[in-house]
Amino acid sequence: MASTPRSTDRRTSGSPGGQSSAALLLGKQFKQMQKDKDIPGISCGLVGDDVFEWEVMLMLSEDQDSMYGGGCFRARMTFPPTYPHLPPKMKFSTSIFHPNVYPNGDVCISILHPPGDDQYGYEQASERWSPVQSPETILLSVISMLGSPNDESAANLEAGSLWREDRKEFRRRVRKCVRDSMEGGWD
């Protein structure tokens, strides 16, 4: 009797145990982040039981970030089946006003751009994704980005313009996002 081919998705492969090397690595990195106590303000969980979809909560203290401090920002990290050779995507589900976050919540930061040379010559290859990065380094980079926006290549043009030209209004908009995130961050 002929066997029917097994359907495969990004979690399985021909490897022993049926898990891809990406799934095994992500599982290990997820467990490590659950154990680490020295990364304050970051909480991660899987969406369902899918190791390729992480729900993240960034709970920023005033010490970490003077503008976004006090905020509770939810995001989702979606890892490709080729991880760690290609970066995940990260998207805030909590509304956040920032030059490097598109209005739809997609995060635009060099570490999440595919490896190699930038076709526009803006970023150096060393600033872009490399397989030595991890979910932890991504999240720490995003927290750093929140406090130090890159307005030279703004994903949110309005936020970039206000950051450069009207810091008082920028800060007012950010604080509103922080207040809104505190009210809805735990939903």
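- As named in an unreviewed UniProt entry, the protein chain is Ubiquitin-conjugating enzyme E2 2, taken from Cryoendolithus antarcticus.
- The heading Sequence similarities (unreviewed entry) in the UniProt record of the protein chain holds the text "Belongs to the ubiquitin-conjugating enzyme family."

### Examining the pattern of salt bridges
Thinking step 1. On inspection of all chains with the given rule, the structure shows seven salt bridges.
Thinking step 2. Residues glutamate 55 and arginine 74 are paired through a salt bridge, measuring 3.0 Å at the closest nitrogen-oxygen approach. One end of the pair, glutamate 55, is in strand S2 (residues 50-59); the other, arginine 74, is in strand S3 (residues 72-78), and 19 residues separate them in sequence.
Thinking step 3. Across the salt bridge formed by glutamate 169 and arginine 172, the nearest N and O atoms sit 2.7 Å from each other. Within this pair, glutamate 169 and its partner arginine 172 are both found in helix H4 (residues 167-184), separated by three residues, close to a single helical turn.
Thinking step 4. For glutamate 169, a relative accessible area of 22% gives the class partly exposed.

### What about the packing of aromatic side chains?
Thinking step 1. If you walk through the whole model with that rule in mind, you get eight aromatic pairs.
Thinking step 2. Here the aromatic rings of tryptophan 163 and phenylalanine 170 are separated by 5.2 Å at their centres, their planes lie at 70°, and the arrangement is edge-to-face.
Thinking step 3. We classify tryptophan 163 as buried; its relative accessible area is 12%.
Thinking step 4. In this structure an aromatic cluster arises from ring pairing among Phe30, Trp54, Phe79, Tyr83 and Trp129.
Thinking step 5. Across the ring face of tryptophan 163, the terminal group of arginine 167 is positioned such that the distance to the ring centre comes to 3.5 Å.
Thinking step 6. Here the guanidinium or amino end of arginine 173 rests over the ring plane of phenylalanine 97, the centre of that ring lying 4.1 Å away.

### Digging into the nonpolar core
Thinking step 1. Counting 44 residues, the largest nonpolar core has Trp54, Leu58, Tyr68, Met90, Phe92, Leu139 and Phe170 as the members making the most contacts within it.
Thinking step 2. Within the residue set of this core, elements represented by two or more residues are helix H1 (21-35), strand S1 (42-47), S2, S3, strand S4 (89-92), helix H2 (135-147), helix H3 (157-165) and H4.
Thinking step 3. No other element matches the six residues that H2 contributes to this core.
Thinking step 4. Those residues in contact with phenylalanine 92, other than ones at most four positions away along the chain, are Leu58, Phe73, Arg74, Ala75, Val101, Asn104, Gly105, Val107 and Val142.

### Description of the UniProt feature "active site" (unreviewed entry) in the protein chain
Thinking step 1. Mapped onto the present numbering, the UniProt feature "active site" (unreviewed entry) falls at Cys108.
Thinking step 2. Sequence-distant contacts of cysteine 108, defined by excluding residues within four places in its chain, comprise Asn100, Tyr102, His113, Met145 and Ala155.

### Some thoughts on H2
Along an α-helix, a turn takes 3.6 residues, which lines up residues three or four apart on a common side.
Thinking step 1. Given a rise of 1.5 Å per residue, 13 residues ought to cover 18 Å, and the 19 Å separating the end C-alpha atoms of H2 matches this to within 8%.
Thinking step 2. Pro135, Ile138, Leu139, Val142, Ile143, Met145 and Leu146 are the residues of H2 that are buried. Looking straight down H2, one finds its buried side chains confined to an arc of 160°; they lie on one side.
Thinking step 3. In this structure, the buried residues of H2 make contact with H1, S1, S2, S3 and S4.

### Some points on the sheet that holds S1
Thinking step 1. With antiparallel pairing, four strands are arranged side by side in an open sheet as S1-S2-S3-S4. Two strands close off the open sheet at either side, each with one partner strand: S1 and S4. Each neighbouring strand pair of the sheet contributes to a mean axis angle of 25°, computed without reference to strand direction.
Thinking step 2. Taken together, the four bridges between S3 and S4 define a ladder with antiparallel strand orientation. Paired with arginine 76 across the two strands is lysine 91, which belongs to S4.
Thinking step 3. Running over the sheet, H1 touches S1 and S2 and is turned about 30° from S2.

Procedures and definitions
Residues numbered from 1 in each chain as written. Predicted model: local features only at pLDDT ≥ 70, side-chain atom pairs only at ≥ 80, totals over all residues. Heavy atoms only, no water. UniProt positions renumbered as here; feature names shortened; annotations may be inferred. Salt bridge = Lys/Arg side-chain N within 4 Å of Asp/Glu carboxyl O. Helix = DSSP H or I, 4+ residues; strand = E, 2+ residues; numbered from the N terminus. Buried < 20%, exposed > 50% of the residue type's maximum accessible area, 1.4 Å probe, protein only. Phe/Tyr/Trp six-rings, centres within 6.5 Å; stacked < 30°, edge-to-face > 60°. Lys NZ or Arg CZ within 6 Å of the ring centre and 35° of its normal. Core = buried A, V, L, I, M, F, W, Y, C linked by side-chain atoms within 4.5 Å. Contact = heavy atoms within 4.5 Å. Expected span 1.5 Å × (residues − 1). Arc of directions from axis to C-beta. Pairing = 2+ DSSP bridges. Axes fitted to C-alpha atoms, helices over the stretch in contact; angles between N-to-C directions.

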